Amino acid sequence: MGQMQGNAKAIDTFSALIVDDEQLAREELAFLLKSFPSVEVAGTAGDGLEALQLIERHQPDIVFMDVQMPGLNGLEVVRELAGSGVRIPYFIFATAYDQYAVQAFEVNAVDYLLKPIEKERLAKSIERAEKLLASPPQKTSRLESLLAELKSGLHRPTKVLLKHSNRLLLVDANDVIYAGIQDGLITIVSTQIEGYSNYRTIEELQSNLDPAVFWRAHRSYLVNINKIQEVIPWFKSSYQLRMSDKRRTEIPVSRAQTKRLRELFKL
């Protein structure tokens, strides 16, 4: 970060990194930042792992980072940094989600930028960053609180991302009825909409949801126990679950999970 002039609160310059898995998005943001002399872009990264390396190498003041990326997403990068001993920069998350969906991330970021990024909105983020960088005690307190939450393992997303008709939508986790995997693709069915997940495995999806609510009834299915409409006895002491979606989908319970089913519903 540049030197401060006397007792002035403003700073001359601060260093920044741009992290986004889309090259065009990185280039566009870098171009916009050229209009702000207080920002010096130290480098760009195409994924979370590369971001960790660059943050350690450059120790930037601020990181502009896409929320949703393959591998490590934005919040997971912060989590990894928490135990690394590296000086933690400020993060401004960029996202293509609509204004309502962005609220799910706002508390975890210094600021957020809605894609496509507008220059006027970017200016507000930079102004906010400058004020925060001029107030180190505030930065430390806010960031330590976030990192403590992340390290505790209690932080679980309240939203689930799904792809529907070329859009990326966020639905409340509690509205998810079930998720199933077929040919390596995960389908998520919620009370309002159905779409595909960015997660590659059911295990990965399950680890990011409340274990008291979401149950792996079968190796290919994860169900919300609050959305089970009926338990159907099946042949050879097995069971099917009729879910509360519009199609009243029936999901098999694996033999290994039969005991858990009986415990859940006192069968």
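Sequence order as written defines residue numbering, which begins from 1 separately in each chain. Confidence filtering applies because this is a predicted model: local features only for residues at pLDDT of at least 70, side-chain atom pairs given and counted only at 80 or more, and all residues used for totals across whole chains, interfaces and linings. To obtain the side-chain values, all non-hydrogen atoms of the structure were used and water was disregarded.

A few words on the sheet that holds strand E14 (residues 239–243). Here we have 3 strands laid out as an open sheet, ordered E13-E14-E15, and antiparallel in their pairing. Of all strands in the sheet, those bounded by a partner on one side alone are strand E13 (228–233) and strand E15 (250–252). The sheet shows a mean angle of 30 degrees between the axes of neighbouring strands, taken without regard to direction. Strands pair, by our definition, only if DSSP identifies at least two bridges between them. Secondary structure counts use DSSP, requiring at least four H or I residues in a row for a helix and at least two E residues in a row for a strand, with both numbered from the N terminus. Examined bridge by bridge, E13 and E14 share 5 bridges and lie antiparallel to one another. Each residue of the ladder has a partner; that of Ile 228, found in E14, is Met 243. Strand contacts of helix H8 (residues 258–265): E13 and E14, with the helix running at about 55 degrees to E14, the strand carrying the most contacts. Whenever a helix is involved, its axis is fitted only over the stretch in contact; in every case the axis is a line through C-alpha atoms, and angles between N-to-C directions fall within 0 to 180 degrees. Contact definition: two residues touch when any of their heavy atoms are within 4.5 Å.

Next up on the list: the confidence of the model for the protein. The predicted model of the protein has a mean per-residue pLDDT of 82, with 82% of residues at 70 or higher. With pLDDT under 50 throughout, residues 2–10 is counted as low confidence; its partners more than four residues away or in other chains account for 7 contacts. pLDDT gives the predictor's per-residue confidence on a scale running from 0 to 100.

Let us look at the environment of Ser 254. Here Ser 254 shows up in the loop between E15 and H8. Setting aside chain neighbours within four positions, we find Ser 254 in contact with Ala 217 and His 218.

A separate point is helix H5 (residues 119–133). An ideal rise of 1.5 Å per residue puts 21 Å on 15 residues; H5 measures up with 21 Å between its terminal C-alpha atoms. Only protein chains enter the accessibility calculation, which uses a 1.4 Å probe; a residue whose area is less than 20% of its type maximum is buried, one above 50% is exposed, and one in between is partly exposed. All buried positions along H5 are accounted for by Leu 122, Ser 125, Ile 126, Ala 129, Leu 132 and Leu 133. Down the axis of H5, the smallest arc covering the buried residues is 125 degrees, so these residues share one side. Structural note: H5 exposes Glu 120, Lys 124 and Lys 131 on the side pointing more than 90 degrees away from its buried face. An expected span of 1.5 Å times one less than the residue number is assigned to each helix. Directions are taken from the helix axis to each C-beta atom, and the arc is the one they span.

Let us now look at the sheet that holds strand E3 (residues 62–66). Pairing in this open sheet of 5 strands is parallel, and the strands run E2-E1-E3-E4-E5 from one edge to the other. Here the strands that pair on one side only, and so sit at the sheet edges, are strand E2 (39–45) and strand E5 (111–114). With direction set aside, neighbouring strand axes in the sheet form an average angle of 25 degrees. The pairing of E3 with strand E4 (residues 90–95) spans 5 bridges and is parallel. Its bridge partner being in E4, Ile 62 is matched across the sheet by Tyr 90.

Turning next to the packing of helix H2 (residues 48–58) against helix H3 (residues 74–82). At a closest axis distance of 10 Å, the pairing of H2 and H3 adopts a crossing angle of 40 degrees. Taken as axis vectors, H2 and H3 run oblique relative to one another. Taken as a pair, H2 and H3 cross one another with a handedness that is right-handed. Of the residues in H3, those touching H2 at Gly 48, Leu 52 and Ile 55 are Val 77, Glu 80 and Leu 81. Under the convention adopted here, Pro, Cys and the residues Ala, Val, Leu, Ile, Met, Phe, Trp and Tyr are nonpolar, Asp, Glu, Lys and Arg are charged, and Gly plus all remaining residues are polar. A per-class count over the contact of H2 with H3 returns 4 nonpolar, 1 polar and 1 charged. Working rule for angles: under 35 degrees goes down as roughly parallel, over 145 as roughly antiparallel, 65 to 115 as roughly perpendicular, anything else as oblique. Helix crossings fall into two classes, left-handed where the near helix is turned counterclockwise from the far one by less than a right angle and right-handed where it is turned clockwise.

This part takes up the pattern of salt bridges. Basic side-chain nitrogens of Lys or Arg form a salt bridge, by our definition, when they fall within 4 Å of a carboxyl oxygen of Asp or Glu. Counting across every chain of the model gives 10 salt bridges. Two residues, Lys 131 and Glu 127, come together in a salt bridge whose shortest N-O distance is 3.7 Å. Of the two residues, Lys 131 and Glu 127 are both situated in helix H5; the distance of 4 residues between them amounts to about one turn of the helix. Relative accessible area serves as the criterion here: at 55%, Lys 131 is assigned to the exposed category. For Glu 127, a relative accessible area of 43% corresponds to the partly exposed category. In this structure, Arg 247 and Glu 194 form a salt bridge, with 2.9 Å as the shortest nitrogen-oxygen distance. With Arg 247 in the loop between E14 and E15 and Glu 194 in strand E10 (residues 194–196), this pair connects stretches of sequence that are 53 residues apart. Take Glu 194: its relative accessible area is 34%, and that puts it in the partly exposed class. Several salt bridges converge on common partners, so that one network encompasses Asp 20, Asp 66 and Lys 115.

Turning next to the packing of helix H1 (residues 23–33) against H5. Relative orientation and spacing of two packed helices are given, respectively, by the angle between their axes and the distance between those axes. Where H1 contacts H5, the axes come no closer than 11 Å and their chain directions differ by 70 degrees. Of the possible angle classes, the one that applies to H1 and H5 is roughly perpendicular. Counting all contacts with H1, which are made through Leu 29, Leu 32 and Leu 33, the residues of H5 involved are Lys 119, Leu 122 and Ile 126. Of the residues belonging to the contact of H1 with H5, the class tally is 5 nonpolar, no polar and 1 charged.

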